[in-house]
Amino acid sequence: MALHTSPDAPLPVGEVSRLIGGWIDRLGAIWVEGQITQLSRRPGQGVVFMTLRDPSYDISVSVTCYRQVFDAVADIVAEGARVVVHAKPEWYAPRGQLSLRAVEIRPVGIGELLARLEQLKRSLGAEGLFAADRKKPLPFLPHRVGLVCGRASAAERDVLENARRRWPAVRFEVRNVAVQGVHAVSQVVQAVRELDELPEVDVIIVARGGGSVEDLLPFSDEQLVRAVAECRTPVISAIGHEPDSPLLDLVADVRASTPTDAAKKAVPDVGEELERVRLLRERSLRTVRALLDREERGLAHALGRPSMEHPHRMVDERAAETDALLARSRRVLGHLLDRADSELSHTRARVLSLSPAATLDRGYAVLQREDGAVVRSPDDVAAGDGLRARVARGEFAVRVTD
């Protein structure tokens, strides 16, 4: 229940500690899982002291138990072991300290660890953290390689030596961390995040040598898997040897079988690249030469054509054809004009022979009344009418007398 306090009515420290102890007493016995980090078994004492730590969240709690409780598992439990403890929370009021009073301790077996890892693997896989479409490609030649490994470890030496042997100019940003034990997860996560924030780091290698299943457990931790999944920089996992497969291998962008293999995947081999450049230069030279040879043959073939050897021949042939066509057109036009002239003369002669003027030339005359009407019959005139007589050379007036 909430307490009602004020600056004028505060609670004494002893009362606060007593209330906290009462709340904790009502919690009851619980099962707790963690990793033993400190273990104190002093001879002659009936109580064993230990610290139980959660490596994923860097949280610890003190645990006490009677010697006979710990002696039941003393042969298989030591510092660094994962255990499940059945304990009751206790509050030590004089010091304000929380601890767990264990009544049973069970070691976590390999089978249980593997089963939990398989369950975590399925859960994270369902979220899509292991999907192939989210894998990022590695750069061809990184400006700087981030390396997370143990201090002065064989993994660090293998990565550095093999990478520099392949590409002497490669530069590293190394973060030495604990690669096993209770501090491994938090230190590896922090190192990965630091390297991911550096803009000059183009690829991150997380490397560790081989070990037992318990030794490699930090690299299957959910917190580390999610931290790698959030990285913007490509991550290479190089944990253990070929048979080892922590969850980090599944979430990383590239899995390397060993730290040496990680160095080979991170940087190219300068000798191989020089050989590839040499082969490409030779191939390009052969291609250019073949192209030049083909063009030279085509040019020689083109120059060997008659049109190229005697370029004016075509013009001369076309000029002769033009002259022949011009002479032919003139002949045809002359024939057409002569025919038209003959037809015109014939038509003119016919017209002239049929014209009234030709009739008048033969001595005939045309009589017209004063209104211009032609007289065709004696009945058309009467005595005394004045008429006009039109002849070949003119006209004159006449009068009808009878």
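## A look at the overall build of the chain
And step 1. Along its length, the chain carries twelve helices and 13 strands.
And step 2. Its C-alpha atoms give the chain a radius of gyration of 60 Å, clearly above 21 Å, the size a compact globule of 402 residues would have.
And step 3. Along the first, second and third principal axes, the C-alpha set of the chain runs to 190 × 75 × 40 Å.
And step 4. Here the chain holds 402 residues, and 31% of them are scored as buried.
And step 5. A separation of at least 24 residues holds for 60% of the contacts in the chain among residues at least 6 apart in sequence.
And step 6. Here the chain displays about 25,600 Å² of accessible surface, and carbon together with sulfur accounts for 55% of that area.
And step 7. Counting 56 positive and 58 negative side-chain charges, the chain places the centres of these two groups 2 Å from one another.

## With respect to the packing of helix α4 (residues 154-166) against helix α8 (residues 259-266)
And step 1. For the pair α4 and α8, the least separation of the axes is 8 Å and the interaxial angle reads 35°. Viewed along their axes, α4 and α8 form a crossing whose handedness is right-handed. Counting all contacts with α4, which are made through A155, D158, V159, N162, A163 and R166, the residues of α8 involved are P259, T260, A263 and K264.
And step 2. Grouping the constituent residues of the contact of α4 with α8 by class yields five nonpolar, two polar and three charged.

## Brief notes about the packing of aromatic side chains
Both the distance between ring centres and the angle between the ring planes are used here to describe each pair of aromatic rings.
And step 1. This model, assessed by the stated rule, comprises zero aromatic pairs.
And step 2. Residue placement shows R101 over the ring face of Y66; its charged tip is 5.1 Å from the ring centre.

Parameters at a glance
Residues numbered from 1 in each chain as written. Predicted model: local features only at pLDDT ≥ 70, side-chain atom pairs only at ≥ 80, totals over all residues. Heavy atoms only, no water. Helix = DSSP H or I, 4+ residues; strand = E, 2+ residues; numbered from the N terminus. Rg over C-alpha atoms; globule rule 2.2 N^0.38 Å. Buried < 20%, exposed > 50% of the residue type's maximum accessible area, 1.4 Å probe, protein only. Contact = heavy atoms within 4.5 Å. Areas by Shrake-Rupley, 256 points an atom, 1.4 Å probe, with all protein chains shown as cover. Lys, Arg positive; Asp, Glu negative; His and termini not counted. Charge placed at Lys NZ, Arg CZ, Asp CG, Glu CD. Axes fitted to C-alpha atoms, helices over the stretch in contact; angles between N-to-C directions. Left-handed = near helix turned anticlockwise from the far one by under 90°. Nonpolar A, V, L, I, M, F, W, Y, C, P; charged D, E, K, R; others polar. Phe/Tyr/Trp six-rings, centres within 6.5 Å; stacked < 30°, edge-to-face > 60°. Lys NZ or Arg CZ within 6 Å of the ring centre and 35° of its normal.

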